[in-house]
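Chain residues, written in single-letter form:
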Amino acid sequence: MINCSNTEQSILSMRISTEGFVFAVSNPLGNNDEGGALENYPVDVTLPLALNLRQAFSQLKWLERPFRKVNVLLATKRFTLMPVEYFEDDCVEAFFYQNHSKEENESVLYNILGNSHAVVLFGIDRSVVEAVQEWQPEARFYAQVSPLIDQFAIKSRLNNARKMYVHVRREYIDVLSYECGRLLLANSYKYGQVTDCIYYILCIWQMLGFDQENDELYLLGGVDEKPDLLTGLKDFIRWVSVMEPAGNMDLQTVVLCE
């Protein structure tokens, strides 16, 4: 449980996922006792996400406290990107549904990524938006990949090696690839077994012309649950490593977003 005694200067970030909710409290402007504190909240898969959210907001009394900022991350593979220079606010839905099929009761939101010069468009259940806004009207919504894409654009400039970042989820992986800070690819791939993940990663590696000896592959997310993924990839790619902290990097990086 997070013990929040002074939250007015803190940022509350939460991840919404069918796997459960995660709440994180941090204060990038100073030191406090709650810096980096996390709380997990399980979801009832028989109930809609919006109802699970309302139950969480009701049961976790510390969420009633005021926060300087509230960030809401949505774990979803329903996202697409476009160059920021072609972005127009009134064309968001039209562009998004060129890449995804329409779903009932869906809102299309977007995040402008300054470091990547791109815009992430993503779909979110309208009832989820309403449940969050009833609790925190000023909450900011992000696709889970958005802060990762933008922060890895900075990290990928550290040397001349091309870099691929693979965010592992229970049923799909997000693959983000860069060359000296320039985003080459961002996509999600649904998988059934670890061998599927390895196959997708190696196919993308080959498609982008990455070098098995010199370019770098980084894993994050639920890597600990799939030890065969790391060992399997090391059979084909020399520089493979797990980022730290692997599991909640999205919650850490979203506090840097404006």
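None of these values were measured; they are calculated from a predicted model.

Caption draft 1: Just the overall build of the protein chain, in detail. Looking only at helices and strands, the protein chain has seven helices and 13 strands in total. In terms of overall dimensions, the protein chain is globule-like: its C-alpha atoms have a radius of gyration of 19 Å, near the 18 Å expected for 258 residues. Counting only C-alpha atoms, the protein chain reaches 50 × 45 × 35 Å along its principal axes. Relative to its full complement of 258 residues, the protein chain shows a buried share of 52%. Taking the contacts inside the protein chain whose residues are at least 6 apart along the sequence as the reference set, 61% of them involve residues at least 24 apart. For the protein chain, the exposed area adds up to about 13000 Å²; of that, 47% sits on carbon and sulfur atoms.

Caption draft 2: Spatial organisation of the sheet that holds strand β10 (residues 172–179). Strand order in the open sheet made by the five strands is β11-β10-β9-β12-β13, with mixed pairing throughout. With one partner strand each, in any of the chains shown, β11 (182–190) and β13 (239–242) form the two edges of the open sheet. If you compare each strand with its neighbour and ignore which way they point, the axes differ by 15° on average. Pairing analysis gives six bridges linking strand β9 (residues 163–168) to strand β12 (residues 216–221), with the strands arranged parallel. Within β12, the residue paired with Tyr165 across the bridge is Tyr218.

Caption draft 3: Looking closely at the packing of helix α5 (residues 194–207) against helix α6 (residues 227–234). In the contact formed by α5 and α6, the axes pass within 9 Å of each other and the chain directions differ by 40°. Judged on the interaxial angle alone, α6 and α5 are oblique. Handedness of the crossing formed by α5 with α6: right-handed. Counted together, Val194, Cys197, Ile198 and Ile201 of α5 and Asp228, Leu229, Gly232 and Leu233 of α6 form the full contact between these two elements. Taken together, the residues that form the contact of α5 with α6 break down as six nonpolar, one polar and one charged.

Caption draft 4: Representation of the layout of surface pockets in the model. Space inside the largest pocket adds up to approximately 600 Å³. Lining of the largest pocket is provided by 26 residues; of these, Thr18, Leu49, Leu74, Ala75 and Thr76 occupy positions nearest its centre. Top element by residues in the lining of the largest pocket is strand β7 (residues 118–125). It accounts for three residues. Each residue belonging to the lining of the largest pocket can be placed in one class, and the counts come to ten nonpolar, six polar and ten charged. Taken together, 22 residues form the lining of the second largest pocket, with Arg15, Glu19, Arg169, Glu225 and Gly247 sitting closest to its centre.

Caption draft 5: A look at unusual backbone geometry. Its identity is not glycine, yet His117 carries a phi of approximately 55°, on the positive side. Inspection of the secondary structure assignment puts His117 in the loop between β6 (106–113) and β7. With a relative accessible area of 54%, His117 lands in the exposed category. Here the phi dihedral of Cys180 falls at roughly 50°; this positive angle occurs in a residue that is not glycine. Relative to the helices and strands, Cys180 is located in the loop between β10 and β11.

Caption draft 6: Structural view of helix α4 (residues 145–155). Counting buried residues along α4, nine of its eleven residues qualify, which places the element largely inside the surrounding structure. Turning to α4, its buried residues are Val145, Ser146, Pro147, Leu148, Ile149, Asp150, Gln151, Phe152 and Ala153.

Caption draft 7: A look at the pairing of β6. Sheet topology note: the β6/β7 ladder contains eight bridges and is antiparallel. Looking at the pairing, Ser107 lines up with Ile124 of β7. In this structure, the hairpin formed by β6 and β7 is closed by a connection of four residues, where His117 is found at a positive phi of approximately 55°.

Caption draft 8: Inspection of a nonpolar patch on the surface at higher detail. Taken together, the side chains of Val84, Tyr110 and Ile112 make up a nonpolar region of the molecular surface, amounting to roughly 230 Å² of accessible area. By secondary structure assignment, the location of Val84 is in the loop between β5 (79–83) and α2 (92–99).

Caption draft 9: Summary view of the packing of helix α1 (residues 49–59) against helix α3 (residues 126–135). For the pair α1 and α3, the least separation of the axes is 8 Å and the interaxial angle reads 15°. One element, α1, and the other, α3, form an angle in the roughly parallel class. As α1 runs across α3, the sense of the crossing is right-handed. The segment α1 lies against α3, with Leu49, Ala50, Leu53, Arg54 and Phe57 engaging Ser127, Val128, Glu130, Ala131, Val132, Glu134 and Trp135.

The rules behind each value
Residues numbered from 1 in each chain as written. Predicted model: local features only at pLDDT ≥ 70, side-chain atom pairs only at ≥ 80, totals over all residues. Heavy atoms only, no water. Helix = DSSP H or I, 4+ residues; strand = E, 2+ residues; numbered from the N terminus. Rg over C-alpha atoms; globule rule 2.2 N^0.38 Å. Buried < 20%, exposed > 50% of the residue type's maximum accessible area, 1.4 Å probe, protein only. Contact = heavy atoms within 4.5 Å. Areas by Shrake-Rupley, 256 points an atom, 1.4 Å probe, with all protein chains shown as cover. Pairing = 2+ DSSP bridges. Axes fitted to C-alpha atoms, helices over the stretch in contact; angles between N-to-C directions. Parallel < 35°, antiparallel > 145°, perpendicular 65-115°, else oblique. Left-handed = near helix turned anticlockwise from the far one by under 90°. Nonpolar A, V, L, I, M, F, W, Y, C, P; charged D, E, K, R; others polar. 1 Å grid on protein atoms, 1.4 Å probe; cavity = no way out; pocket = protein on both sides within 12 Å on 5 of 7 lines; lining within 4 Å. Points joined across faces, edges and corners; volume = space filled by probe spheres on them. Patch = residues over 30% accessible without salt bridge, like charges linked within 9 Å, V, L, I, M, F, W, Y side chains within 5 Å. Salt bridge = Lys/Arg side-chain N within 4 Å of Asp/Glu carboxyl O.

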